[in-house]
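# Coordinate inspection notes
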Amino acid sequence: MTTSFETGETSMAPAFVEKRPIERYAAPAQPSLVGMTREALAESLGAVGVPERQCRMRVQQIWHWLYVRGARDFDAMTTLSKDLRAALARRFTLARPEVAAEQVSVDGTRKWLLRLPGEVENAPHEVECVYIPETDRGTLCISSQVGCTLHCTFCHTGTQRLVRNLTAAEIVAQVVLARDRLGDWLAAEPASAEEPGRGGRDPEKRLVSNIVMMGMGEPLYNFEAVRDGLNVVADGDGLSISKRRITLSTSGVVPNIARTGAEIGCMLAISLHAVTDELRDQLVPLNRKYPLRELLDACRHYPGLSNARRITFEYVMLKGINDSLADAKALVRLLKGIPAKINLIPFNPWPGTKYECSDWEQIEKFSEIVFAAGYSSPVRTPRGRDILAACGQLKSATEKLSARERLALRAMAMTD
Ligand code: SAH
Ligand code: SF4
């Protein structure tokens, strides 16, 4: 992304290290167990001849190796018999998605470009996954689709031609991959100073503690896979990221909002971005199908909603479009009565966009009105422009995260 950032891109941009060049990706010949649900694992075990009555126990054992230990080799699965390990290795792999590029920032932010099986007209299927460390948590921003069928006018993902749904396993695999790359698995013994690499992490000190589904794609247009994938991620015997620490962001697919609460039970974020149907119709064209009134009604009835479990409303700051102080007041009025958090996201420009990010002073004035209405400070200015980041529209293999992108991503990820 060639972002022009007026304060001086070169000095602000973090030093990213390109770890791997892009290579052509050949889909693995055998299926991988990584990312599978319990049901899929049980089926796979059946396929290698594990008797029905043993299946539950074997699934539980493999689950632990896959999602607690991060095993990369069947031989590491020492609670399974040698024969079973060999049978599994003949039919399956423990492969992760191909990492086409990895970028590491000086402040610890990491971005991975993942190449998934499939290719159309020489365009590979690629998604991005970004890890943002903070003092009290580490947030992983994951994708639900390659591209997006919705065409929000300010979003780069919506301009991409290629669209396909990720499978549940590909959704889970993003978390597995992040834990691999961060050395974030629990090992049999605690990490030791003498042998760094040997031990593992204390569960309390896991690096990936939060998930936001704010990467590429509209998760509620890939509902079943997102549901199944997030339920694997939240499983307390496995990856164990609590549903209170998982936030799904939607542009407003109203019929699936109640299902999200009932069948996933994660936190919800709504990409609101405008306070009138007239403007939202332009910015988020899905609004023509599900207008504001219906969207906010669905939010009011979101299962489990309370002051302790608020909905996050995302509001991208577009200069001269939705950033007037009258808009700020209307925003506060519109959300009255809904337990809400408001997240102001600095617009992250991309080549060819007609929008600009609001001026910093305007964002501050806007946020003061929101703050005065009782919402916690939505944009955190102190760490400022040099530390923040954006995903959603970041699919670009070799580009570095600009200061603007980082600002936008950090704002998106701040859901509690
Ligand atoms: N499709 C879902 C989730 C992915 S987008 C959704 O729309 O909610 C994640 C967030 O990034 C959304 O709030 C989206 O509106 C925002 N976003 C998209 N493009 C952006 C840009 N260029 N600058 C800042 N935020 C952007
Ligand atoms: Fe799709 Fe979300 Fe981008 Fe809209 S903002 S085009 S729904 S990814």
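Worth saying up front: this structure is predicted, and the values here are computed from it rather than measured.

So, on to the site of ligand 1. Of all residues adjacent to ligand 1, which total 21 residues, the nearest are Gly217, Ser249, Ser271, His273 and Asn348. One of the backbone nitrogen or oxygen atoms of Phe154 is found 3.2 Å away from a nitrogen atom of ligand 1. Ser271 places a side-chain nitrogen or oxygen 2.5 Å from an oxygen atom of ligand 1. Alone, ligand 1 offers 530 Å² of accessible surface; in the complex the protein occludes 96% of this. For the shell around ligand 1, the per-class residue count stands at 10 nonpolar, nine polar and two charged.

All right, on to the pattern of salt bridges then. A full pass over the atoms with the stated rule returns 19 salt bridges. Taking the shortest distance from any N to any O, the salt bridge between Arg181 and Glu102 comes out at 3.1 Å. With Arg181 in helix α5 (residues 168-182) and Glu102 in strand β1 (residues 98-104), this residue pair connects regions lying 79 residues apart in the sequence. Residue classification places Arg181 among the partly exposed residues on the basis of a relative accessible area of 30%. By relative accessible area, which is 3% here, Glu102 ends up buried. Linking Arg179 and Asp184 is a salt bridge whose minimum nitrogen-to-oxygen distance equals 3.1 Å. Note on accessibility: Arg179 and Asp184 belong to one class, buried.

Ranked by size, the top nonpolar core spans 112 residues in total, and within it Trp112, Leu140 and Phe313 carry the most contacts. Among the elements that make up this core, the one with the highest residue count is α5 (nine residues). Leu140 has contacts with Trp112, Cys129, Val130, Tyr131, Gln174, Val175, Ala178, Val208, Asn210, Ile211 and Val212, leaving out every residue within four places of it along the chain. Of all hydrophobic cores here, the second largest spans six residues; its members include Cys141, Val212, Met214 and Ala269.

A word on α5. Across its 15 residues, α5 extends 22 Å between first and last C-alpha, which sits within 8% of the 21 Å expected from 1.5 Å per residue. Burial of α5 is extensive: 13 of the 15 residues sit out of reach of the surface. The first or second residue beyond α5 is Gly183, which carries a positive phi of 65 degrees.

As a further point, take helix α9 (residues 292-300). For α9, the complete set of buried residues consists of Leu292, Leu295, Leu296, Ala298 and Cys299. Buried residues of α9 fall within an arc of 155 degrees about the axis and therefore sit on the same side. Buried positions along α9 lie against α7 (257-264), β9 (267-271), α8 (277-283), β10 (311-317) and α10 (325-334).

Parameters and conventions
- Residues numbered from 1 in each chain as written.
- Chains lettered and ligands numbered in written order.
- Predicted model: local features only at pLDDT ≥ 70, side-chain atom pairs only at ≥ 80, totals over all residues.
- Heavy atoms only, no water.
- Near = heavy atom within 4 Å.
- Polar contact = N/O pair within 3.5 Å; in protein donor to acceptor, adjacent residues only side chain to side chain.
- Areas by Shrake-Rupley, 256 points an atom, 1.4 Å probe, with all protein chains shown as cover.
- Nonpolar A, V, L, I, M, F, W, Y, C, P; charged D, E, K, R; others polar.
- Salt bridge = Lys/Arg side-chain N within 4 Å of Asp/Glu carboxyl O.
- Helix = DSSP H or I, 4+ residues; strand = E, 2+ residues; numbered from the N terminus.
- Buried < 20%, exposed > 50% of the residue type's maximum accessible area, 1.4 Å probe, protein only.
- Core = buried A, V, L, I, M, F, W, Y, C linked by side-chain atoms within 4.5 Å.
- Contact = heavy atoms within 4.5 Å.
- Expected span 1.5 Å × (residues − 1).
- Arc of directions from axis to C-beta.

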